[in-house]
Amino acid sequence: MFRRCFIIIAGLACCCPVVAAMNSAQRVQAFAALPDWTGFWEWNAIEVDALSGEPDLSKFRSVISDTTLYGHPPYNAAWDAKYRADTAAMFTSGKATASFKNCGAFGFPAQMSIWGSPLQLLTTPEQTVILFERFEARYVYTDGRKHPKKDDLWPTTEGDSIGHWEGDTLVIDTVARKAGPIGFLALTSLLSKEAHFIERIRKVGANALEDRLTIEDPVAFARPWHITIGYRRVAGLDRFIGYDCENDRNPIVDGKIQIAPP
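This write-up is about the structure you can find in this document. (Residues numbered from 1 in each chain as written. Predicted model: local features only at pLDDT ≥ 70, side-chain atom pairs only at ≥ 80, totals over all residues. Heavy atoms only, no water.)

**Describing the overall build of the chain**
Counting its secondary structure elements, the chain contains 5 helices and 13 strands. For the chain, with 262 residues in total, the buried portion stands at 37%. Sequence-distant contacts, at least 24 apart, represent 55% of the contacts inside the chain between residues at least 6 apart. With the model as given, the accessible surface of the chain reaches about 15,500 Å², and the carbon-plus-sulfur share is 59%. (Helix = DSSP H or I, 4+ residues; strand = E, 2+ residues; numbered from the N terminus. Buried < 20%, exposed > 50% of the residue type's maximum accessible area, 1.4 Å probe, protein only. Contact = heavy atoms within 4.5 Å. Areas by Shrake-Rupley, 256 points an atom, 1.4 Å probe, with all protein chains shown as cover.)

**Details of the pairing of strand β9 (residues 196–205)**
As judged from the 5 bridges shared by strand β6 (residues 169–175) and β9, these two strands associate in the antiparallel manner. Looking across to β9, one finds that D173 is bridged to I198. Here 9 bridges tie β9 to strand β10 (residues 208–216), and the two strands are oriented antiparallel to one another. Bridge pairing links R202 to E210 in β10. Remark: 2 residues form the turn of the hairpin made by β9 and β10, two consecutive strands paired antiparallel. (Pairing = 2+ DSSP bridges.)

**Some details on the side chain of Q120**
Position of Q120 relative to the elements: it lies in strand β2 (residues 119–123). Among the residues examined, Q120 registers a relative accessible area of 18% and is labelled buried. When neighbours within four sequence positions are excluded, Q120 is seen to be in contact with G39, F40, V129, I130, L131 and F240.

**Description of the packing of aromatic side chains**
The full count for this structure, using the stated rule, is 8 aromatic pairs. Arranged with centres 5.5 Å apart and planes meeting at 50 degrees, the rings of Y75 and Y83 form a pair that is tilted. Look at Y83 and you get buried, because its relative accessible area is 12%. Aromatic rings pair up to connect Y75, W79, Y83, F221 and W225 into one cluster. The aromatic ring of Y141 is capped on one face by R145, whose charged end is 3.9 Å from the ring centroid. (Phe/Tyr/Trp six-rings, centres within 6.5 Å; stacked < 30°, edge-to-face > 60°. Lys NZ or Arg CZ within 6 Å of the ring centre and 35° of its normal.)

**Quick notes on unusual backbone geometry**
Each neighbour pair has its own omega, and for F108 with P109 the value is 5 degrees, a cis peptide bond. Checked against the element boundaries, P109 lands in the loop between α5 (95–98) and β2.

**Some thoughts on the pattern of salt bridges**
Inspection of the entire model under this criterion finds 10 salt bridges. Among the salt bridges present, the one from E210 reaches R212, with a minimum N-O distance of 3.0 Å. Residue classification places E210 among the buried residues on the basis of a relative accessible area of 12%. One connected set of salt bridges, linked through shared partners, spans R202, E210 and R212. (Salt bridge = Lys/Arg side-chain N within 4 Å of Asp/Glu carboxyl O.)

Shape descriptors only; they carry no functional weight alone.
Below, the structure written as structure tokens:
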């Protein structure tokens, strides 16, 4: 019993320097140097109708430009031919309509530009976590670590992200994203497992964020794809309410939004 207590006390003693380091003056200064990204942010490419919750399609043309994730990727000849064929087949079969009803996770990079779906950025000196209402999260490590070695790196829907700060700009390097479609509306925009992503996120106004994303894919692309994603601060939102498309809290009845239960 005495030996067990001694081990516990010794363990706590060993932890004390770690705790002290976590709250050191140097770390406090590092926190103070981080930009203020508090609050919730939403993609600013299109407005969402307050009554129906649907996007204003009158502005959809700007959404499908080649500088957004919903534009035409800069494919090489072979991949471009497949993209055009798949796109034509999707709209002919009606699968494009079905994609609006996707209840699952979107993954990176699609999750960064979904209308009516806010995100939150939590920054610390060691990492930034990007949270989404569909229970997804991106972890961007800014403590100086590298990507895992090849044998420990496997593709996921989010990929592996590390980053560093250049002034008030967070520079993110992402690899090991699963091969396949970008997702949501961009179902035919495919990326290979070799895709490499560089983001530069910064505040461009009191209520505006910008993510400049470059996608390099040596297998699929003829050149890098440069995309700009803008965000506006969401007014009047003070917490996440988990998204559940199978249990809609705000059904639309006779063209009017309702609150369930009555």
